[in-house]
Number of protein chains: 2
Amino acid sequence: MILKMNDKFVKPFIADHEYENIQPMVNVADRMLREQNGPGNDYLGWMTLPSDYDKEEFARIKDAAAKIQKNCDVFIVLGIGGSYLGSRAVIEFLKSQRYNVLKKDTPDIYFSGCNISPADMNELLELCEGKDVSINVISKSGTTTEPAVAFRVFRNLLEEKYGVDGARDHIFITTDRSRGTLKQFADQAGYETFVVPDDVGGRFSVLTAVGLLPIAVAGISIDELMQGADAARGDYINPSLAKNDCYRYAVTRIILYRKGKSTEILVNYENYATMFNEWWKQLYGESEGKDNRGIYPSSVIFSTDLHSLGQYIQEGRRNLFETVVTVNEGGSSLLIPDDPHNIDGLNFLSGMDLDYVNKTAMQGTLFAHMDGGVPNIVLELKDRTAFSLGYLIYFFELSCAMSGYLLGVNPFNQPGVESYKKNMFALLGKPGYEDRRAALEARM
Amino acid sequence: MILKMNDKFVKPFIADHEYENIQPMVNVADRMLREQNGPGNDYLGWMTLPSDYDKEEFARIKDAAAKIQKNCDVFIVLGIGGSYLGSRAVIEFLKSQRYNVLKKDTPDIYFSGCNISPADMNELLELCEGKDVSINVISKSGTTTEPAVAFRVFRNLLEEKYGVDGARDHIFITTDRSRGTLKQFADQAGYETFVVPDDVGGRFSVLTAVGLLPIAVAGISIDELMQGADAARGDYINPSLAKNDCYRYAVTRIILYRKGKSTEILVNYENYATMFNEWWKQLYGESEGKDNRGIYPSSVIFSTDLHSLGQYIQEGRRNLFETVVTVNEGGSSLLIPDDPHNIDGLNFLSGMDLDYVNKTAMQGTLFAHMDGGVPNIVLELKDRTAFSLGYLIYFFELSCAMSGYLLGVNPFNQPGVESYKKNMFALLGKPGYEDRRAALEARM
């Protein structure tokens, strides 16, 4: 079994009949997903993606990754939101949060075009000095401010480095299949392009070219990643909560939410999961946070943050629940050395594996938090492999869709993201925003 | 003015009389702090620290930092919670989140002993291969599991590298002034030691040797940091809310909390502030999260997370408020290149400074979120210098103390942190925990 939901630490908070009562609604939501007739039904491409993807493009992604690995020291991904979080999450989860400082035979990978900071941009430009650089611009429309500005800057850099012709080998574009000026321009300029499918939203796009090219550049098997996701797809076909941990996770969240547990904290005991937690926060926060409702997504890395947010979780407001992702097998190993002086009084740990201590800290914390009034859902992942991570990704995507439908929202749109953009464009003097600009300036 | 609280985007949510009504309680809480007779009054050392610190030790910190800069490539800080968050926050805020990959004449700095992950530890050991290494163990008691285990591992490494005698030049201990086996052992072994004061809790300790030694190693002026904090100390002596932005921040938070705004999101528009946000989360979460109350602390980096949590903040549950820290002057500069093809339709931005666009994104977001029902407190910091950051640190510490007293909790203890530790020790078979172990095992 690749993934198991352990509900031991949530049982005191939810009675069996609560699951039974919600099963009919789960069946309805499942049909809405399978028959593609619910809200946002134009964006269900991610459901069948793990088996039904473009095999020709998949092969081209691997070829492009090999070329990038060969011809550059630094690979820069330009994208924001779902256009960078998925690949960064996977790379750090399977390699390391410190990927760039490790000895390796794959390029350094940086993420740009995900903010508007000149400090950040100038630093990256400095890091590129004397290095061979390739970039991957990821933007469906090609007009999103952050990656578009970064593309202007890095295209100039590459054309200075390699000339207009030479730059062609260093620029890869992931965008709309046919529409949009970025696709048009890329074709004219002769850049290799990959597709952001029409029916897959940004936060569900990690298993498209959006995520797969950077992941492949890091030397991770995208075949195994897809196979893992496909295994999850097959395992979660039956909507019965007795047989479907993915839906059971969704339902458990919604039941807890209806009891006033309105903040969910995703917990991991390894810092390689930091960005995976961020990916999860976008997936759930953007899918559910609308119509004045939704579970607020937060995250921690333990035991680190047991010495930070731990106090609040143990004794603060009781509107929290936790979801703990733990990796069962094949972790790293380090035996705790004995200390003849026993300065720290910890010689009872001598010779124990640090991984065992880490897992025991988790057990102790699960009891402590449950006893403190915080329900804990535990998701046990088999191992730290591309296959299992692909499985986990699909698990979270599908449960997110189910959860959104049970909450009564459209889990596939993000209307609120436009609000700040419209104000920003107005204040920056974008043509067509004159009225909004005048209205804002009157308020300043 | 170093720091200004701008309440334009919170005004629609709080009437003036609400501030007037709470002024008497602020006066009482202020006296509890100044006269040291409130809850937790043994831990008020941080209040006078910026002027009243040990000058001899301060000079030794600078000498030790110079020695470390000279004799090592890699400097490893071993500490958890308040023993690492402050220094890491300051180093990244003033240098960079990517400090370790930048060209520089100071050592790489890694943080260990803040988790129980063998993957993380093994990776660090690999990074030390062939490098000159120094460590700074930071632990008041010397018995906290995470840094203690890391100290066992790295002491072995250093003694293998340099021999027992040579290792002495590479080990620096920050611990209790006189008590505890770590202090005893350090004296016997001849390690240089620094003091964790008795009257300063971990999360308030960044301006003691705990934070200052690593900060100085990174080449940051600890004089300016202290001077900035001392300027804040002087500026916030008057408890009148009309004259004290520090208390006004505390009071605004508490008023919003009493209206049901129970989650506070600390916002920054530069990713160099990521770890500063984490430091803030410990400071407020651990100080307020007790007795089943407290504002839940969360954080984001914009515009990055406007494409992640932005949707929730704009349209999700209306129990949120934001505190935005923005740096006014002296940011980095980068002019947006013109694109003759105007692929992205953004030529109206050509020639604009990216920093201006970033600040305009902030303005647009402030209006959008306020209009969406989310109050926004804005803290405008003069510039990105050690002086201003010291000022901001003291601002947050003092307002946290005020906020905690208004909330009716002891802001200086953290009783809940023991709960998981007791369970962990019991499950690991620590002598003296046999009964708890039996009780837990019966539940497993």
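Residues numbered from 1 in each chain as written. Chains lettered and ligands numbered in written order. Predicted model: local features only at pLDDT ≥ 70, side-chain atom pairs only at ≥ 80, totals over all residues. Heavy atoms only, no water.

### Section: the relation of the copies chain B and chain A
Of the transformation placing chain B onto chain A, the axial shift is 0.0 Å and the rotation is 180 degrees, giving an RMSD of 0.0 Å. The symmetry that links the two subunits is that of a two-fold axis. (Least-squares fit on C-alpha atoms with pLDDT ≥ 70 in both.)

### So, helix 6 (residues 181–189) of chain B
Residue and element names in this part refer to chain B. The set of residues buried in helix 6 consists of Leu182, Lys183, Phe185, Ala186 and Ala189. The arc enclosing the buried residues of helix 6, seen along the axis, measures out at 165 degrees, which places them on a common side. Elements in contact with the buried residues of helix 6: strand 4 (133–138), helix 5 (145–167), strand 5 (171–175) and strand 6 (192–195). With its phi angle positive at about 85 degrees, Gly190 sits one or two positions after the end of helix 6. (Buried < 20%, exposed > 50% of the residue type's maximum accessible area, 1.4 Å probe, protein only. Helix = DSSP H or I, 4+ residues; strand = E, 2+ residues; numbered from the N terminus. Arc of directions from axis to C-beta. Contact = heavy atoms within 4.5 Å.)

### Focus: the pairing of strand 4 of chain B
Residue and element names in this part refer to chain B. Strand 4 sits mainly inside the fold: six of its six residues count as buried. Going residue by residue along strand 4, you find Val133, Ile135 and Val137 tucked away on one face and Ser134, Asn136 and Ile138 tucked away on the opposite face as well. Of the strand pairs in this sheet, strand 2 (residues 74–78) and strand 4 are connected by five bridges, and their pairing is parallel. Across the sheet, Val77 pairs through a bridge with Asn136, a residue of strand 4. Here strand 4 runs beside strand 5; their pairing, made up of four bridges, is parallel. (Pairing = 2+ DSSP bridges.)

### What to know about the pairing of strand 8 (residues 296–301) of chain B
All names here are of chain B. Most of strand 8 is tucked away, with six of its six residues classed as buried. By the alternation rule, side chains of strand 8 split into Tyr296, Ser298 and Val300 and Pro297, Ser299 and Ile301, which are all buried. Of the pairings in the sheet, the one linking strand 7 (residues 263–268) to strand 8 comprises six bridges and is parallel in character. Bridge pairing in strand 8 places Asn268 opposite Ile301.

### Observations concerning the sheet that holds strand 4 (residues 133–138) of chain A
All names here are of chain A. Reading across from one edge, 3-2-4-5-6 is the order of the five strands in this open sheet, with parallel pairing throughout. Every interior strand has two partners, whereas the edge strands, strand 3 (108–112) and strand 6 (192–195), have only one. Looking at each pair of strands side by side, their axes are set apart by 20 degrees on average, direction ignored. In this fold helix 2 (residues 55–71) packs onto strand 2 (74–78), strand 4, strand 5 (171–175) and strand 6, with an angle of close to 135 degrees to the strand it touches most, strand 6. Against the sheet, helix 6 (residues 181–189) touches strand 4, strand 5 and strand 6, its axis set at about 150 degrees to strand 5. (Axes fitted to C-alpha atoms, helices over the stretch in contact; angles between N-to-C directions.)

### A few points about the interface of chain B and chain A
Of the residues lining the interface, 131 residues belong to chain B; the matching set on chain A comes to 130 residues. Counting the surface lost from both chain B and chain A, the interface buries some 11000 Å², and carbon and sulfur atoms represent 60% of this. The largest per-residue losses of area from chain B upon contact with chain A belong to Arg152(B), Tyr296(B) and His307(B), which jointly make up 8% of the total buried on that side. Taken together, the connections running from chain B to chain A amount to 12 salt bridges. Between Asp344(A) and Arg152(B) there is a salt bridge, with the nearest N and O atoms lying 2.6 Å from each other. Applying the counting criterion to the chain B and chain A interface returns 56 residue pairs in polar contact (both at pLDDT 80 or more). The greatest single-element share of the side of chain B that touches chain A, amounting to 14 residues, is contributed by helix 12 (residues 354–371) of chain B. Within the side of chain B that touches chain A, the residues separate by chemical class into 56 nonpolar, 44 polar and 31 charged. (Buried area = accessible area lost by both parts, 1.4 Å probe. Salt bridge = Lys/Arg side-chain N within 4 Å of Asp/Glu carboxyl O. Polar contact = N/O pair within 3.5 Å; in protein donor to acceptor, adjacent residues only side chain to side chain. Nonpolar A, V, L, I, M, F, W, Y, C, P; charged D, E, K, R; others polar.)

### Some thoughts on the packing of aromatic side chains
Given two aromatic rings, one states the distance between the centres and the angle between the planes to describe the pair. Residues and elements named next belong to chain A. Taken as a whole and assessed by the stated rule, the structure comprises 50 aromatic pairs over all chains. Measuring from ring centre to ring centre gives 5.7 Å for Tyr249 and Phe396, while their planes differ by 70 degrees; the resulting arrangement is edge-to-face. Taken together, the positions of Tyr249 in helix 9 (residues 245–258) and Phe396 in helix 13 (residues 386–407) put the pair 147 residues apart, joining distant regions of the chain. For the pair Tyr249 and Phe396, a shared accessibility class is recorded, and that class is buried. By the ring-pair criterion, three or more aromatic residues cluster together here, those being Phe93, Tyr236, Tyr249, Tyr272, Phe276, Trp279, Trp280, Tyr284, Tyr391, Phe395 and Phe396. (Phe/Tyr/Trp six-rings, centres within 6.5 Å; stacked < 30°, edge-to-face > 60°.)

Shape descriptors only; they carry no functional weight alone.
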